[in-house]
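What follows is the residue order along each chain.
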Amino acid sequence: MYNLIRTDSVESEETGMKFIHTADWHLGKIVQGVYMTEDQRYVLEQLLKTIEQERPDAVIIAGDIYDRAVPPAEAVELLDEWLERVVIDFATPVLAIAGNHDSPDRLDFATRIMEGQGLHLAGQLKREIKPVVLHDDAGEVHVYLVPYADPAWVRYLWDDESIRTHDDALRAVLSSIAEGLDPKARHVLVGHAFVTPGGEPSENTSDSERPLSVGGAEQVHAEYFAPFHYTALGHLHQAHHVLTERIRYAGSPLKYSISEEHHVKGYYMVELDANGAVKVEKRTLTPRRDLRRVTASLEEIQSHPVNEDYVFVTLTDEHPVLFPMEKIRAVYPNAMHVERQIRIPSDGESGIQKGMSKVKRESDPAALFEGFYKEVLGRELDDELRSIFAVTYDELLREEGERA
C-alpha cells in the first residue's frame, strides 16, 4: 500500500475527503485536421486554478490522458507541465490510469520513482492491485486504480479461458479486489470501461469514443461496482451517473466531435464524508472556442458577425455553392466542415429511378441531369434551369474540343 498524508491541507471543521474526478483529456487530439492542444491547455489552466484555490486532497484522471499511444511532443509537454504544477507546486497527489487510447507502457515508465512525490500512474493492468491510501481526519480512503482491461490480457493474468468479454474481464478484476477490501476504510474505484445499468448494449455518448471491441459486447454491468463508495469512470464523453449516484463518468473536458455539441463539459468535485456518503458537484469548464453546428443559407451566414468558434456548417441553399468553405471562413475562420442539406423524396418511386428511366429512353445528358435534380430536390427541373444547363454543357463541350 502507498500512504499519502497531506500535511498542508486547509483546516476545516468538517471531516472528510475532497477530490477532483476528471477523465478523457485526449491530449494531442486532432479534430477535422485541427490540433486541439491550445484549447486543451486553456481548460486545463482553469482546472489548475481550482486546485490552487481549493486544494483538494487528490486529483483523479480516469483514463485516455492521451489521444493515441504515441502522442505528439506538445501533448507530452503539456501533461508534464500540468503534473509539475499540481504534484510539485501544489503538493496535491494525482492518481491516473491508462484508457484504451493510451500506451500502458508509456504511462508505467518510472512510476515507482514518481509515487514518492505523489504521482500514481497505472498503465498496464496487474494481477494484484494494491490501493493508493489517502488519509483524512476520519481515517483511510483506499483508491484502486484499474486501467483499461482488455479481455485477452485479463484472461492471461487470471489464467481463465472463460474470460471472453469486457464484462467477464471486469467481473474477474473487481471480484478479486472486493475480496480484499478493508471494512474499516472507505473505497474508491477508478476505471475505464463502458458501464451500463444491466450490462445492456447502449449507444456511445459521442462519435469520438473509440469502440472497445469489434464484433463483440463491450458493455459492463454496473452492479460490479457496488462494493465501492465512489466509482470514477472514464471512456464515455458525456458526464452522467450509472445506476446510482456513486458510479459516475466525468466526461471529457472539451467537445471532440459534433455529436458532443450539446454536452456540458467539466469535471466533478467529490466529497467523501467520514461514513462514506458522497456529495458530488459538477463544475463546468469554459472552452477557448465552442464547437457547434450552424444551419443556414450562405446569404444568411454572410450576415452573421465574425465568430471564432469551431463550426460544422449545413447550407440550406437549393443550388450548389461554389467554393463554400472559402466563403464561410470569411465569417467563421475556424469552420471545420461544410455540407449541403439534401431533401430526399419519400413517396413512391424515387426521382433518380424516374430520371434513369428517362435516360434509358433518350440517352441524353440533359435527361440525366434532370433525373439527378429530381432526386436531390424532389421536384421537376424548370425551363430556365434546363436552358442554363444546356448552354453550360455546350460551352464545356467546345472547350474540351479546343483542348483536344
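Residues numbered from 1 in each chain as written. Predicted model: local features only at pLDDT ≥ 70, side-chain atom pairs only at ≥ 80, totals over all residues. Heavy atoms only, no water.

With 14 residues, helix 6 (residues 166–179) ought to run about 20 Å at 1.5 Å a step, and its terminal C-alpha atoms sit 20 Å apart, in line with that. Where helix 6 is concerned, the buried positions are His166, Asp167, Asp168, Ala169, Leu170, Ala172, Val173, Leu174 and Ile177. Considering only its buried residues, helix 6 is in contact with strand 9 (139–146), helix 5 (151–158), strand 10 (186–192) and strand 12 (219–221). (Helix = DSSP H or I, 4+ residues; strand = E, 2+ residues; numbered from the N terminus. Expected span 1.5 Å × (residues − 1). Buried < 20%, exposed > 50% of the residue type's maximum accessible area, 1.4 Å probe, protein only. Contact = heavy atoms within 4.5 Å.)

If you walk through the whole model with that rule in mind, you get 20 salt bridges. The residue Glu308 makes a salt bridge to Arg289 at a minimum N-O spacing of 4.0 Å. Of this pair, Glu308 sits in the loop between helix 7 (298–301) and strand 19 (310–315) while Arg289 sits in the loop between strand 17 (278–284) and strand 18 (291–296), and the two are 19 residues apart along the sequence. Its relative accessible area of 42% is what places Glu308 among the partly exposed residues. (Salt bridge = Lys/Arg side-chain N within 4 Å of Asp/Glu carboxyl O.)

The predicted model of the protein has a mean per-residue pLDDT of 87, with 87% of residues at 70 or higher. Below pLDDT 50 for its whole length, residues 1–13 participates in 31 contacts with residues either more than four positions away or in separate chains. (pLDDT = per-residue confidence, 0-100.)

A few words now on the sheet that holds strand 6 (residues 94–97). The mixed open sheet is built from six strands, whose spatial order is 7-6-5-2-16-17. Looking along the sheet, the strands with just one partner apiece sit at the ends: strand 7 (119–122) and strand 17. Each strand of the sheet is rotated relative to its neighbour by a mean of 20°, with strand direction disregarded. In this structure, strand 2 (residues 17–22) lies alongside strand 5 (residues 58–61), joined through four bridges in parallel fashion. (Pairing = 2+ DSSP bridges. Axes fitted to C-alpha atoms, helices over the stretch in contact; angles between N-to-C directions.)

On to the pairing of strand 10. For strand 10, the tally of buried residues reaches seven of seven residues, placing the bulk of the element in the interior. Both faces of strand 10 are covered, namely the face carrying Arg186, Val188, Val190 and His192 and the face carrying His187, Leu189 and Gly191. Both strand 9 and strand 10 contribute to a ladder of six bridges, which runs parallel. Bridging from a neighbouring strand, Val143 pairs with Val188 of strand 10. Where strand 10 lies against strand 13 (residues 230–234), five bridges are found, and the strand directions are parallel. The partner of Val188 across the bridge, within strand 13, is Tyr230.

Let us look at the sheet that holds strand 18. In space, the three strands of this open sheet follow the order 18-19-20, with parallel pairing throughout. The sheet is open, and its two borders are formed by strand 18 and strand 20 (337–340), each paired with just one other strand. Direction aside, neighbouring strands of the sheet carry axes that sit 20° apart on average. When strand 18 meets strand 19, the two strands line up parallel, connected through six bridges. The partner of Leu291 across the bridge, within strand 19, is Tyr310.

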